[in-house]
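Here's the letter readout for the chains.
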Amino acid sequence: MERRASSSARTEALRAEQSYVSMLYERLDAVRERAETALRHEHGRGGPGGTHQARLERDVSAHEHARRLAQLSGVERGLCFGRVDDVEGDTYYIGRVGLRDARDELVLIDWRAPAARPFYTATPSDPGPLVRRRHLHTRGRTVVGLDDEVFDLARMSEPDRRTLVGEAALMAALRRGRTGRMGDVVATIQAEQDQVIRSGLAGALVVQGGPGTGKTVAALHRAAYLLYAHRRTLERRGVLVVGPNAMFLRYIGQVLPSLGETDVVLTTVGELYPGVRATAADEPRTALVKGDTRMVEVVRAAVRDRQRVPDGDLSVWVPTKTSVRGGVEVVVERMELSVGHAACERARDRARAVRGPHNVARKLFVDSVLSALALDEARRLDRPLEEGDLHYARQALWQTREVREALDLLWPYLTPQRLLSELFADDAALRSAAASLSPAEREALARPAGSPWTVEDVPLLDEAADLLGEDDAEARAAERAAARERDEAELYAREVLHISGVAEMEIMDAGALADRHDDGGDALTTAQRAERDRLWAYGHVIVDEAQELSAMAWRTIMRRVPARSLTIVGDVAQTSAAAGAQSWGAMLDPHLKDRWREARLLVNYRTPAEIMEVAVDVLRSVAPDQEPPISVRDGGAPPRAMRVTRAELRRLLPKLVRSELAEIGEGRLAVLTADTRHGEIAATLPEAASALTADALDSPSVVLTVTQAKGLEFDVVVIVEPGEILAQSPKGGQDLYVAITRATRRLTVVHQDGLPPVLSRLGAG
Ligand SMILES: Nc1ncnc2c1ncn2[C@@H]1O[C@H](COP(=O)(O)OP(=O)(O)OP(=O)(O)O)[C@@H](O)[C@H]1O
């Protein structure tokens, strides 16, 4: 009788929620339609014609409507996922976007709004103003289930204090098969993650947490939250997210659009220097040297070594007479011009003394030497040189190939690419610039000219770019002109905002509008503009798998964010890069002193307890002082080991992969290997994806090295030859820890020569 009563109460609750959710979708349709009509209207108002001001006005509102439309089309799935009832008797619904009804009453609260916060933070021991939290499960536009938590203090028991927020909904989310793409977790954010997500914008926040603690997911939701809460600052400057590799970026790429955020640049360290897309990594001994801050001095010395004076006097033979023979101009007479050694030294010292970048100071050096040459020319021709003529005499000499070549030898115009490739290819140059390194370290840097750029080169290119600068007199003049125009445009944009009342809607400030509309040309998004500009100052930078960055890479990151507003996410127990972090303090203190705060995430949402036990044995051997995270999942299949011969491996592996895939029904499987074994195993499993292609993650099975698998997760993990992973680098233990903790459901370790002692828990197999 009682059960029937409760089931009919449930049916009634479902019906009531369905009617509310249907109303929300109707509202969404209406708002979407309005935005579409408005956009059509703007487009209908004509092409490129009209005054600059009319065009600007049209673009402003078209842009806003398009933005709103993009936001509204991203929220169809799971529009509303939560409801809270508070002690005042009020009820609020939480969703992916804020919506108002026709009378302007708020009917849905954006998950990032302060009013939504209790939904994420209430716990049985500290429910805040809530008496109930409800998770709504929807399929399409239909409400298919509800999970309630009633905060009744009188009945609270001790274990409740550790209860997860919305446990039933969380567990349902975690049990789903992996899709190869990370999804958003707005419906099930946990209290400790919420604190990270909503932490203030200013300063640097380090989020340290073991594998699977939701660092990545929290960091991405933080990006969306910051763009919502600090739209004015961040929309203009953009947010940069740096991840470990392209596959990882693809894995996380759809989370932000699903959160409605577009002003974010996703990139890797290998792509931080515009114009270079490095993916290959150097071998550990080279990576170690290139990641060391002693390279700052090496690059600086390499630049200074390119500012030379001749051993004796400078002598240049310039043509004085040419004639055309057979249609070709040939030199028939030359004259020697020279500048004394001491004068050359003075020219160099004066150019250096301004402490400007090399390519900018070059102009000074060149001007001094050209003046000296011009004076010598006048003397030799016995022709007085008036002060006013000097400029023209210098210009004429600068047009002479021989003069240019002579000056280029002494103080060449250098791109960062040229500086470094010539340095690494020239033993004598390396000996001079890298005198502070040992011979073995110098040898690790040496390589032939034209070698492809590696990820570890990128911070060095960036360092060099800072020292070299641009010979940018023209660029600066253009910039000044653009700035003038921009000021005018900004003034106008302010008026537009004022007239249209947009300012109150906190959508975009006048500066941002002016940025979009400079030279009346293409309207680039902040993200597009930022990506092209090495000196772009981002409003906030998020670094994921941050433990992998070298000290040199941190210098590059810090140049991108002068405001030092960062979220740094990682786990120092997972560091596998040779020059990666041993501790956060060692990496960050040089840039942030002690002005960074640390949050720790302690719960592992990915790896089941049974698999985590194996991982913890490995962790203890490589980082005994690191606290392993607590798994919320258990009851999975026990992890196992299989001993096979090499011949058997080829036969058994495809079978194993098939049977494991059948076991999970739906989901993804990864075979993880040491770098050297990857090719062979990939050949054994032709059906599995193995190259780093865009769709590799969509394949049911994939063969990856541990480095490639960083930050990813799979329902099933098969590790081939753990001993080889352990032995492949000094950080092999960390690699094995990473490999084991990629599994969300099943783990099999396949080996030929016996298990390494650290995996003895898995038995002899
Ligand atoms: N609050 C949550 N609700 C639902 N799923 C969650 C939640 N927090 C984390 N997860 C899931 O747990 C898994 C691990 O999260 P994530 O990849 O962010 O962890 P991580 O700390 O970055 O791990 P690693 O250090 O191993 O890269 C993901 O599938 C993520 O969606």
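Note that the structure is predicted; figures quoted are calculated from it, not measured. By convention here, each chain's residues receive numbers from 1 onward along its written sequence. Two thresholds apply to this predicted model, a pLDDT of at least 70 for residue-level local features and 80 or more for giving and counting side-chain atom pairs, whereas whole-chain, interface and lining totals are computed over all residues.

### Section: the sheet that holds strand β5 (residues 130-139)
Strands sit in the order β3-β4-β2-β1-β5-β6 across an open sheet of six strands; the sheet is mixed. Every other strand in the sheet has two partners, leaving β3 (99-100) and β6 (142-150) as the edge strands with one partner each. Bridging between β5 and β6 involves eight bridges; their strand directions are antiparallel. Pairing of R133 across the sheet is with E149, part of β6. At least two DSSP bridges between two strands are required for those strands to pair. Secondary structure counts use DSSP, requiring at least four H or I residues in a row for a helix and at least two E residues in a row for a strand, with both numbered from the N terminus.

### Examining the confidence of the model for the chain
Each residue carries a pLDDT score, the predictor's own confidence in it, on a scale running from 0 to 100. For the chain, mean pLDDT is 85; residues scoring 70 or higher make up 87% of the total. The secondary-structure element of the chain with the lowest mean pLDDT is helix α21 (residues 510-516), recorded at 44, while helix α11 (residues 294-305) shows the highest, at 98. It is the C-beta atoms, placed from the backbone, that decide contacts: two residues are in contact if theirs lie within 7 Å. In the predicted structure, residues 155-163 sits below a pLDDT of 50 and forms eight contacts with residues beyond four places in sequence or in another chain.

### Thoughts on the site of the ligand
Any residue whose backbone-placed C-beta atom lies within 6 Å of a molecule or strand is treated as near that molecule or strand. Near the ligand there are 23 residues, and of these P211, G214, K215, T216 and Y605 occur at the shortest range. The set of elements that each furnish at least two residues to the shell around the ligand consists of α4 (167-175) and α6 (215-229). Among the residues making up the shell around the ligand, the classes are represented as nine nonpolar, ten polar and four charged. Amino acids outside the nonpolar list (Ala, Val, Leu, Ile, Met, Phe, Trp, Tyr, Cys, Pro) and the charged list (Asp, Glu, Lys, Arg) are all regarded as polar, and Gly is one of them.

### Comments concerning helix α16 (residues 416-424)
Those residues of α16 that sit buried are P416, L419, L420, L423 and F424. Buried residues along α16 cover an arc of 110° about the axis, so they all sit on one side. Contacts from the buried residues of α16 go to α11, α17 (427-433), α18 (439-445) and α19 (457-468). To sort residues by exposure, count the other C-beta atoms lying within 10 Å of each residue's C-beta; 20 or more gives buried, 12 or fewer gives exposed, and values between give partly exposed, all with C-beta atoms placed from the backbone. What the arc describes is the spread of directions from the helix axis to the C-beta atoms.

### Quick notes on the sheet that holds strand β19 (residues 701-705)
Spatial strand order, β17-β21-β20-β18-β19: five strands in an open sheet with parallel pairing. Where the open sheet ends on each side, the last strands, each with one partner, are β17 (640-643) and β19. On average, each strand axis in the sheet is inclined to that of its neighbour by 20°, with strand direction left out of account. The pairing of strand β18 (residues 669-673) with strand β20 (residues 714-720) spans four bridges and is parallel. Counted as the bridge partner of L672 is I719 from β20. Orientation is described by lines fitted to C-alpha atoms, with helices fitted over the stretch in contact, and by angles between N-to-C directions that extend from 0 to 180 degrees.

### Section: the packing of α16 against α19
The geometry of α16 relative to α19 is characterised by a closest axis approach of 8 Å and an angle of 120° between their N-to-C directions. Classified by the angle between their axes, α16 and α19 sit oblique to one another. The handedness of the crossing between α16 and α19 comes out as right-handed. Of the residues in α19, those touching α16 at P416, Q417, L419 and L420 are D457, L460, L461, A464, A465 and L468. For the contact of α16 with α19, the per-class residue count stands at eight nonpolar, one polar and one charged. Orientation labels follow simple angle bins: below 35 degrees gives roughly parallel, above 145 gives roughly antiparallel, 65 to 115 gives roughly perpendicular, and whatever is left gives oblique. Each helix crossing is assigned a hand: it is left-handed if the near helix lies turned anticlockwise from the far helix by less than a right angle, otherwise right-handed if that turn is clockwise.

### Observations concerning the UniProt feature "binding site: ATP" (unreviewed entry) in the chain
UniProt positions are given in the numbering used here, feature names are shortened, and annotations may be inferred rather than shown by experiment. This chain's UniProt record puts "binding site: ATP" (unreviewed entry) on G209, G210, P211, G212, T213, G214, K215 and T216. Along the polypeptide, G209 turns up in strand β7 (residues 204-209). Accessibility expressed as a C-beta count within 10 Å gives 24 for G209, which makes it buried. Once residues lying within four places of it in the same chain are set aside, the contact partners of G209 are K215, D571, R600, L601, L602 and P629. Tracing the backbone through its elements, the reader meets P211 in the loop between β7 and α6.

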